[in-house]
Structure formats: C-alpha cells, structure tokens
Amino acid sequence: MIKDITIGQYYPVNSILHRLDPRVKIVCTLLFLISLFVQNSVTGYLIATIFLVFTICLSKVPIKFIMKGLKPIIILLLFTSILNLFLTEGGNVLVHFWIFTITEKGLRTAIFMAIRLIYLVAGSSLMTFTTTPNTLTDGIETLLFPLNRFKVPVHEIAMMMSIALRFIPILLEETDKIMKAQIARGADLESGNLIQRAKNMVPILVPLFVSAFRRANDLAMAMEARCYRGGDGRTKMKPLVYQTRDSIAYLFTLLYFLCMFVLGRYLPLHLWIF
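Residues numbered from 1 in each chain as written. Predicted model: local features only at pLDDT ≥ 70, side-chain atom pairs only at ≥ 80, totals over all residues. Heavy atoms only, no water.

1. Some details on the pattern of salt bridges
The tally for this structure, following the rule as stated, stands at four salt bridges. Between Arg-23 and Asp-21 there is a salt bridge, with its nearest N and O atoms 2.9 Å apart. Pair check on accessibility: Arg-23 and Asp-21 agree, each one buried. Notably, a salt bridge pairs Lys-177 with Glu-173, separated by 3.7 Å at the nearest N-O pair. Placement of both Lys-177 and Glu-173 in helix H8 (residues 154-184) is noted, with a separation of four residues, approximately one turn of the helix. Classification of Glu-173 as partly exposed rests on a relative accessible area of 47%. (Salt bridge = Lys/Arg side-chain N within 4 Å of Asp/Glu carboxyl O. Buried < 20%, exposed > 50% of the residue type's maximum accessible area, 1.4 Å probe, protein only. Helix = DSSP H or I, 4+ residues; strand = E, 2+ residues; numbered from the N terminus.)

Okay, structure coming up:
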C-alpha cells in the first residue's frame, strides 16, 4: 500500500506536458477541477473523460502508474459511494430491502461522486507527475505574486508547499523501510482487530516522526548555512517565460471549460435512468 502512493512524485519523460510552463499546468488543473463541480450530467462527464484521457496521452505517463495512485483512496471511494447510494432520496425506487432503499437519484449521485473523486485525484496527480518541485514552486510564487502588496509571504508559502511535496515520497520510502525492519524483528502488523492494528503502528510512527524531525532539522541547517533569508532580492537562474505552446494549452483548456459548461448544462445526454 505504501508503494502505491504516488502523490508528489515526478515521472521523468520527454512530453509536451512536461515542457509546459508550470503556471499553465497549475491554472489548467484548477480549471479542470472546477469544471467537475460546474455541472452534474452524463454529457459533462463524457467531455471530462475525453479531456483527461487526451491529456494523459500527451503526458506519456503510463496509465498503470496513474491507476496505481488511486489504490490508496479505494476505501474512501467505496465509503462515499455507499453513503450516497443509500442516503440519497429522489426518483423511482429501484431496490428496497429491509431498511435499505436505492433510488434513481441515489444511484446517479453515487456513480457521479465516484467518477468525480477519481478524476480529482488523477487530474491533480498528473500535474505533479509532469512538474518538478522546483518549477512548481516558481509557478506558485509567480501566480501569487500580486498578493505581496497585501504583505502575504508568497515566497515562503510556495517554498513550504514545495518542501511538503518533496518530502512525501521521502517519508513514504522511510515508512516502508521501518515497516520491513519491524517485520524482520518479528513485529506482527497484519493480525488483530482495528484497535490492535493501531497499537501495532506505534513502533512505526515513533521512528518515523524522529526521522522526519531529523530531516527537517538538517534541511533548516543547510538553508541557514547557505544564508537563505527568504525571497527578498533573490533572482532566478531560469525565469518563467510563456511560449506559444503555453498559449495553445490555455486556449485548449478554456475551450474544454466552455464545452463542459454549455454542453453539460444545456445538452444533457440521457442514458438508462439518467
């Protein structure tokens, strides 16, 4: 399960998406996530599916690698879908058993909620797969630059987000090593009820926190030794400059957003009971 968490990892490959400006990828990702909440129709999700599949093909990131990142959210996905399936009322009754009732609206909501959650994770993960932490930091800092007028520490916020993303795969690897070391010493992490399994995690959490604090202290000392004093007066070796491909990406995403809003809202596609 630890190895299946791919959030924050960068997948190095030469693709059009990798060469895009990080600001473009951040803005386009936000527009894609917003579009999933704009409407709630079959047409809209069909357009979102086509857009997401096309983007994945452009990124050259293997679909197996993206699907592997969805494994950690399976429990959350099932829990959310079941709640919406049995607790949402409306429309004709499809199944009624004991105290459980499944209606048309409940089935529709459960399916759409599951698709929306999968697309949220896949779309946001695709941005980190195609963007290095350094360029992602530069993109966030540039986009939030107008907030400097309101005394918002934009550079510090971008730096913290970059460090957090960079530490995710490091801590996951550290967790995997600690679990293997504890299992080699005879620790039983699988058997027992939920409370017993939670107690069994203590020998893992304690060294993990110690390692995380040690890494944070080493990082702080390294930044201090290099006379890091924040973003004031700092220059960039590779400043961000928009290219023609970035404008095309903006135009393509805006066209998708308009199609999602107009066609999804005013040209609904009815399938089965939807």
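Moving on, there is more to tell.
2. Points about the packing of aromatic side chains
Going through the model one piece at a time under the given rule, you end up with 10 aromatic pairs. Taken together through their ring pairs, the aromatic side chains of Phe-32, Phe-51, Phe-54, Phe-252 and Tyr-256 make up a single cluster. A cation over a ring is seen here: Arg-23 above Tyr-242, with NZ or CZ 4.0 Å from the ring centre. (Phe/Tyr/Trp six-rings, centres within 6.5 Å; stacked < 30°, edge-to-face > 60°. Lys NZ or Arg CZ within 6 Å of the ring centre and 35° of its normal.)

3. What about the nonpolar core?
In this structure, Phe-32, Leu-36, Ala-48, Ile-66, Leu-126 and Tyr-256 are the most contacted members of the largest nonpolar core, which totals 26 residues. Listing elements by their share of this core, those giving two or more residues are helix H2 (22-38), helix H3 (42-59), helix H4 (63-68), helix H6 (104-129) and helix H11 (244-266). At seven residues, the largest contribution of residues to this core is made by H3. Discounting residues that sit within four places of it in the chain, Phe-32 has contacts with Ala-48, Phe-51, Leu-52, Tyr-119, Gly-123 and Tyr-256. (Core = buried A, V, L, I, M, F, W, Y, C linked by side-chain atoms within 4.5 Å. Contact = heavy atoms within 4.5 Å.)

4. Brief notes about unusual backbone geometry
A positive phi angle, close to 65°, is found at Lys-60, a residue other than glycine. By the secondary structure assignment, Lys-60 is in the loop between H3 and H4. Its identity as a non-glycine residue notwithstanding, Lys-151 has a phi of 65°, on the positive side. Mapped onto the secondary structure, Lys-151 falls in the loop between helix H7 (133-143) and H8. Judged by relative accessible area, which is 76%, Lys-151 ranks as exposed.

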